[in-house]
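Structure at a glance
What follows is each chain in one-letter form.
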Amino acid sequence: MDRAFKLPDCIRLEVGEPNFPTPSHVLEAADKAARGGKTRYTENSGIPELRSRIAETFATDTGRITKVEDVVVTTGAMAALYTTLMSIADPGDEVIVMSPSWPNYLMQMTLLGIRPIVVPTTEATGHVPTVEQLESAVSNRTKAVLINSPCNPTGAVINQAQMADILEFARKADIYVISDEVYDKITYEGTHVSAASHDDDGRVVCIHSFSKTYSMTGWRVGYAVAPPEIANLIRKCQEPTVSCVNAPAQYAALAALDGPQEIVGEMRDAYRERRDEARRILSSSGIPALEPGGAFYIWIDISSSGRSDVEFAMDLVDKHQVAVVPGSTFGPGNEDRVRISLATAPDLLYEGMRRLIDETRS
Ligand code: PLP
């Protein structure tokens, strides 16, 4: 990224950020809130109107009865994840996490002194962990398993049967399931399965965000829907760390939920079109890549380049001004992969991919 920043014309395929503007009614709601005096601290858990709207939406989406008390509005999904981990595990405790997975999980665990137990997922199982793998990762210090569907970076989507198995595993091991569902509205074929819809004894913490769904990355609004004992701890963690989420941004998030939802499907359809074209470009060049079932990334096999992920990414940025993320960023065992983002404007995406293909052959 440092190298990419120094190159003004660099094509940035590494950033996981929608290229669409935040919807205008969301901007207007924030403006109205700020001008109307909503410029003060709010409740630690978030403004009641937003929490109650989230509870309603969550109940509709997952079929699970959701109380306002279960919802805590956080500074993006990142803070929801961090305070959830902080609430569930003490230093020295273990949390099961997959490789590849979003690198911030490991960074957060390092900050909190939590031991990550890394389970490698493979193409053979569609990058979904098997119950056997999960069972062999459990110890008496295990507090939770952290799953992410649709997955960043592989685009893997956990189906009903797999989710039921993961929940059954968690029940037997008596651990929490932290389910990062920030890409829930970006699935291309099947529908998203929430871990909450398989939770019958209060062990799931669902992590959500406005960032990707409504193209609101910079607003920093996310939330956790958690069992009461965890929701209460997350709320308490907010007081000494952030107090509350930016007040006008909470009103903006409320407007996003209350307003027209067509934009969500339109963005997803645009990503799907880009995914299909990107896959066509890659397969006509003989470069293997997974077909993502959700999220907006492509996980590309660059082993034909004969270089490691980091060498390849550095060559690509230096020689072709294209930035991608080296696979090893997402955990061990991914040194033959890079990730690109479909949330980039299509002309830049396809041009960047052409240069990437040239580099695999050089
Ligand atoms: N979880 C995953 C899997 C992500 O990819 C991201 C952002 O890239 C986040 C969480 C963070 O989302 P937020 O912007 O709401 O903090």
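The model shown is predicted, which means the values in this text are computed figures rather than measured ones.

Section: the domain arrangement of the chain
- With domains assigned, the chain is organised as domain 1 (2-21 + 262-361) and domain 2 (24-258).
- A separation of 26 Å is found between the C-alpha centroids of domain 1 and domain 2.
- Together domain 1 and domain 2 conceal approximately 2300 Å² of surface at their shared face, both sides included; 58% is due to carbon and sulfur atoms.
- At the surface where domain 1 touches domain 2, the tally comes to 2 salt bridges.
- The salt bridge partner of E123 is R337, with a shortest N-O separation of 3.6 Å.

Some remarks on the sheet that holds strand β9 (residues 297-301)
- The 3 strands are arranged β9-β12-β11 in an open sheet whose pairing can be described as antiparallel. Strands with a single pairing partner mark the edges of an open sheet, and in this sheet they are β9 and β11 (325-326).
- Direction of pairing for β9 relative to strand β12 (residues 337-341): antiparallel, over a ladder of 5 bridges. Bridge assignment links W299 to a residue of β12, and that residue is R339.
- Its contacts with the sheet put helix α12 (residues 346-361) on β9 and β12, and the angle it makes with β12 is roughly 160°.

Some points on the site of the ligand
- Around the ligand, 14 residues are found, and the nearest of them are A77, D180, S209, S211 and K212.
- Take N152: an N or O atom from its side chain is 2.8 Å from an oxygen atom of the ligand.
- Considering the ligand on its own, with 400 Å² of exposed area, one finds that the protein chains cover 95% of that surface.
- With 3 residues, helix α4 (residues 76-88) is the largest single contributor of residues to the shell around the ligand.
- Partitioned by chemical class, the residues of the shell around the ligand number 6 nonpolar, 5 polar and 3 charged.

Topic: the side chain of T62
- Its location among the elements puts T62 in helix α3 (residues 48-62).
- The class for T62 is buried, based on a relative accessible area of 11%.
- Looking at T62, its side chain comes within polar contact range of the main-chain nitrogen of R64, at 3.1 Å.
- When residues no more than four places from it in sequence are discounted, the contact partners of T62 are S194, A196 and S197.

A look at the packing of aromatic side chains
- Considering all chains together, one arrives at 9 aromatic pairs under this definition.
- Seen from their ring centres, W102 and Y105 are 5.5 Å apart, and the 80° between their planes marks the pair as edge-to-face. Comparing W102 with Y105 shows no difference in burial state: the two are buried.
- Centroid distance W299 to F330: 5.4 Å. Interplanar angle 90°. Geometry classified as edge-to-face. Here W299, found in strand β9, pairs with F330, found in the loop between β11 and β12; they are 31 residues apart in sequence, far enough to count as distant.

Brief notes about the sheet that holds strand β8 (residues 222-225)
- If you walk across this open sheet you meet the 7 strands as β2-β8-β7-β6-β5-β3-β4, and the pairing is mixed. On the outer flanks of this sheet lie β2 (71-74) and β4 (115-120), each paired with one strand and no other. For this sheet the average axis-to-axis angle between neighbouring strands, irrespective of direction, equals 25°.
- Across 4 bridges, strand β6 (residues 176-180) lies against strand β7 (residues 204-209) in parallel orientation. When the sheet's bridge partners are listed, D180 is paired in β7 with I207.

Cut-offs used in this document
Residues numbered from 1 in each chain as written. Predicted model: local features only at pLDDT ≥ 70, side-chain atom pairs only at ≥ 80, totals over all residues. Heavy atoms only, no water. Domains from an automatic or database assignment. Buried area = accessible area lost by both parts, 1.4 Å probe. Salt bridge = Lys/Arg side-chain N within 4 Å of Asp/Glu carboxyl O. Pairing = 2+ DSSP bridges. Helix = DSSP H or I, 4+ residues; strand = E, 2+ residues; numbered from the N terminus. Contact = heavy atoms within 4.5 Å. Axes fitted to C-alpha atoms, helices over the stretch in contact; angles between N-to-C directions. Near = heavy atom within 4 Å. Polar contact = N/O pair within 3.5 Å; in protein donor to acceptor, adjacent residues only side chain to side chain. Areas by Shrake-Rupley, 256 points an atom, 1.4 Å probe, with all protein chains shown as cover. Nonpolar A, V, L, I, M, F, W, Y, C, P; charged D, E, K, R; others polar. Buried < 20%, exposed > 50% of the residue type's maximum accessible area, 1.4 Å probe, protein only. Phe/Tyr/Trp six-rings, centres within 6.5 Å; stacked < 30°, edge-to-face > 60°.

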